[in-house]
Amino acid sequence: MEMKMNGVTTSTATVTTTCESQNKARLAILELAHMMSVPMSLVAVINLKVPQAIWQGGSNAPISASQILARGGAAYDAENLQRILRLLASYNIFMEHLNSSGERKYSLTDIGKTLIDDAEGLSYAYYMLQHHQDALMRAWPLMEETVKDPTVEPFKKANGEGAISYYTKRPDVLKLAVKSLSGMSIPLMKDILDSYDGFQGVDTLVDVGGNNGISLRSIMEKYPNVRKGINFDLPDMVANAPQIPGVTHVGGDAFESVPSGDAIFIKWVLLAWTDEECKKVFQNCYKALPANGKVIACEPVAPEMTDESQRTRALLAGDIFIMTMYRTKGKHRTEQQFKELATSAGFSHFRAFYVDPYMAVLEFHK
Ligand SMILES: C[S@@+](CC[C@H](N)C(=O)[O-])C[C@H]1O[C@@H](n2cnc3c(N)ncnc32)[C@H](O)[C@@H]1O
């Protein structure tokens, strides 16, 4: 609607729209200012064992905050737990069931169920705990340092040493790190192996940066043609790796050399290295492979376009995590960046398979 007063034309529609967009902007910035409440609430419910109290071996029947606490047997504050659960319900981690008398009960959504341990005692809960432990939390306030001085990682500035050396010196921290990696790997490997068949025809498979060998185990269970698995990682990492039929654990440094095999698997490793380091490892892989050999990398692939989708946000947030914790110049790379790195090390053919929303399988053929 247009109004003319004293020769000035005012449009109420425009005023309303401007006002609405300013309100939305103020709301958005407040949500961001309080964002830390979300991961810290998740950590709190994991530590309080709330998901298991609701899950009860699969019943997942809605229960109230006081019933959740009663199942744990502790006389804790139900009102405050309910406040945490309400926030997490707004992020679709719990489903809130509000009855006519105003009582709130909670069950687990699909996201909440990722926090429930499987038969091996693994889940995404350990990934949440790993990412929010004290040593990592100390590094976050130093993130701006990556812009001012990209030569030293904030993690190192905060803790006096790099992340891997920090983990390997502390048995409890290392245990959590390994559990968090395994909890992510098992469902991811299942998805990959359901749709990617590039392990067919491989007899000896090397997993570079394979940690405890759990990915090799999944591959060899699905593909019995892989008779020999070589799990290659830093000596401190393989020192206590579990025995897996057909798998030999080998300690070493991928920047120096990698063991030979028909194919080389490398998952969730390249992201933590600089371009120069990746090139060096690609060159070492090239030397270790036969004429028709291939590298099968499984890494997050950054989108070319920036948008507001959950996938883009998860991948870009992961990129900042790497920059802050592992290598200021490690990164989530685009498909094109991966291709250029591998080509510079001599690989001639490249294929990408988007089998998972976060990680893609990238094949580099000799
Ligand atoms: C993020 S973890 C990924 C582990 C495993 N591939 C997975 O997907 O669960 C990175 C691994 O790379 C290993 N690593 C780091 N630097 C290495 C090096 N120079 N040579 C061999 N392995 C290395 C680490 O010890 C760690 O186990």
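Re the overall build of the chain
Thinking step 1. Check the secondary structure of the chain and you find 17 helices and eleven strands.
Thinking step 2. The principal-axis extent of the C-alpha atoms belonging to the chain is close to 80 × 65 × 40 Å.
Thinking step 3. A burial count over the chain gives 43% of its 366 residues as buried.
Thinking step 4. Across the chain, the fraction of contacts at a sequence separation of at least 24, relative to all contacts at a separation of at least 6, is 63%.
Thinking step 5. For the chain, the exposed area adds up to about 19100 Å²; of that, 55% sits on carbon and sulfur atoms.
Thinking step 6. Distance between charge centres in the chain, computed from 37 positive and 41 negative side chains, equals 1 Å.

So, the environment of Lys-157
Thinking step 1. Considering the arrangement of structural elements, one finds Lys-157 in helix H10 (residues 154-159).
Thinking step 2. Here Lys-157 falls in the partly exposed class, since its relative accessible area comes to 32%.
Thinking step 3. Apart from residues no more than four positions distant in its own chain, Lys-157 is found in contact with Leu-142, Glu-145, Asp-149 and Val-152.
Thinking step 4. At 3.3 Å, the side chain of Lys-157 and the side chain of Glu-145 are in polar contact.

Quick word on the state of the cysteines
Thinking step 1. Tallied over the entire structure, the rule returns zero disulfides.
Thinking step 2. Free of any disulfide, Cys-298 has its nearest neighbouring cysteine sulfur in Cys-278, separated by 15 Å.

Here's the deal with the packing of helix H15 (residues 275-288) against helix H17 (residues 335-344)
Thinking step 1. Running from N to C, H15 and H17 cross one another at 50°; their axes reach a closest spacing of 8 Å. Classified by the angle their axes make, H15 and H17 are oblique. The interaxial crossing formed by H15 with H17 has right-handed handedness. Contact with H15, carried on its side by Asp-275, Cys-278, Lys-279 and Phe-282, involves Leu-341, Ala-342 and Ser-344 of H17 and no other residues of that element.
Thinking step 2. Classifying every residue of the contact of H15 with H17 by side-chain character gives four nonpolar, one polar and two charged.

Here's the deal with the site of the ligand
Thinking step 1. Lining the immediate environment of the ligand, one finds 16 residues, of which Gly-209, Asn-211, Asp-233, Asp-253 and Lys-267 sit closest.
Thinking step 2. The contact in question runs from a nitrogen atom of the ligand to an N or O atom on the backbone of Gly-209, over 2.7 Å.
Thinking step 3. A distance of 2.9 Å separates an oxygen atom of the ligand from a polar side-chain atom of Asn-211.
Thinking step 4. Taken by itself the ligand offers 590 Å² of open surface, and the protein chains cover 89% of this.
Thinking step 5. Counted by class, the shell around the ligand contains nine nonpolar, four polar and three charged residues.

A closer look at H15
Thinking step 1. Spanning 14 residues, H15 covers 20 Å between terminal C-alpha atoms, matching the ideal 20 Å at 1.5 Å per step.
Thinking step 2. Among the residues making up H15, those that are buried are Glu-277, Cys-278, Val-281, Phe-282, Asn-284, Cys-285 and Ala-288. One side of H15 holds all its buried residues, which, seen down the axis, span an arc of 160°. Counted as exposed and oriented over 90 degrees from the buried face of H15: Glu-276 and Lys-287.

Details of the pattern of salt bridges
Thinking step 1. What the rule picks out here adds up to 18 salt bridges.
Thinking step 2. Taking the shortest distance from any N to any O, the salt bridge between Lys-157 and Asp-149 comes out at 3.2 Å.
Thinking step 3. Where Arg-333 meets Asp-275, a salt bridge forms, and the shortest distance between an N and an O atom there is 2.9 Å. With Arg-333 in the loop between helix H16 (310-325) and H17 and Asp-275 in helix H15, this residue pair connects regions lying 58 residues apart in the sequence.

A few points about the UniProt feature "domain: O-methyltransferase C-terminal" (unreviewed entry) in the chain
Thinking step 1. According to UniProt, the feature "domain: O-methyltransferase C-terminal" (unreviewed entry) maps to residues 143-348 in the numbering used here.
Thinking step 2. End C-alpha atoms of residues 143-348 are separated by 37 Å, and the span's content is 46% helix alongside 14% strand.

Topic: the sheet that holds strand S9 (residues 294-300)
Thinking step 1. The sheet built from seven strands is open, its strands ordered S7-S6-S5-S8-S9-S11-S10 with mixed pairing. Single-partner strands in this sheet number two, and they are strand S7 (247-251) and strand S10 (349-353). Sheet twist, expressed as the mean angle between neighbouring strand axes with direction ignored, is 20°.
Thinking step 2. Where strand S8 (residues 263-267) meets S9, five bridges bridge the pair, whose relative direction is parallel. Opposite Ala-263, over in S9, you have Lys-294 as the bridge partner.
Thinking step 3. Taken strand by strand, helix H13 (residues 214-222) contacts strand S5 (204-208), strand S6 (228-233), S7 and S8, and its axis lies near 165° from that of S6.
Thinking step 4. In this fold H15 packs onto S8, S9 and strand S11 (359-365), with an angle of close to 155° to the strand it touches most, S8.

Quick word on a nonpolar patch on the surface
Thinking step 1. A contiguous nonpolar surface patch, about 380 Å² in accessible area, is contributed by Ile-29, Leu-30, Leu-32 and Met-35.
Thinking step 2. Of note, Leu-32 is situated in helix H1 (residues 12-33).
Thinking step 3. When its relative accessible area of 54% is taken as the criterion, Leu-32 is described as exposed.

Remarks on helix H5 (residues 78-90)
Thinking step 1. In a regular helix each residue adds 1.5 Å, so 13 residues correspond to 18 Å; H5 covers 18 Å between its end C-alpha atoms and thus fits that length.
Thinking step 2. Leu-81, Leu-85, Leu-88 and Ala-89 are the residues of H5 that are buried. When H5 is viewed along its axis, its buried side chains cluster within an angular range of 100° and face the same direction. Among the exposed residues of H5, those oriented more than 90 degrees off its buried face are Glu-79, Arg-83 and Ser-90.
Thinking step 3. Looking at where H5 begins, the residue whose side-chain oxygen comes 3.1 Å from the main-chain nitrogen of Glu-79 is Asp-77.
Thinking step 4. Directly beyond the C-terminal end of H5, a positive phi value near 65° is found at Asn-92.

Reading the values: the criteria
Residues numbered from 1 in each chain as written. Predicted model: local features only at pLDDT ≥ 70, side-chain atom pairs only at ≥ 80, totals over all residues. Heavy atoms only, no water. Helix = DSSP H or I, 4+ residues; strand = E, 2+ residues; numbered from the N terminus. Buried < 20%, exposed > 50% of the residue type's maximum accessible area, 1.4 Å probe, protein only. Contact = heavy atoms within 4.5 Å. Areas by Shrake-Rupley, 256 points an atom, 1.4 Å probe, with all protein chains shown as cover. Lys, Arg positive; Asp, Glu negative; His and termini not counted. Charge placed at Lys NZ, Arg CZ, Asp CG, Glu CD. Polar contact = N/O pair within 3.5 Å; in protein donor to acceptor, adjacent residues only side chain to side chain. Disulfide = S-S within 2.5 Å. Axes fitted to C-alpha atoms, helices over the stretch in contact; angles between N-to-C directions. Parallel < 35°, antiparallel > 145°, perpendicular 65-115°, else oblique. Left-handed = near helix turned anticlockwise from the far one by under 90°. Nonpolar A, V, L, I, M, F, W, Y, C, P; charged D, E, K, R; others polar. Near = heavy atom within 4 Å. Expected span 1.5 Å × (residues − 1). Arc of directions from axis to C-beta. Salt bridge = Lys/Arg side-chain N within 4 Å of Asp/Glu carboxyl O. UniProt positions renumbered as here; feature names shortened; annotations may be inferred. Pairing = 2+ DSSP bridges. Patch = residues over 30% accessible without salt bridge, like charges linked within 9 Å, V, L, I, M, F, W, Y side chains within 5 Å.

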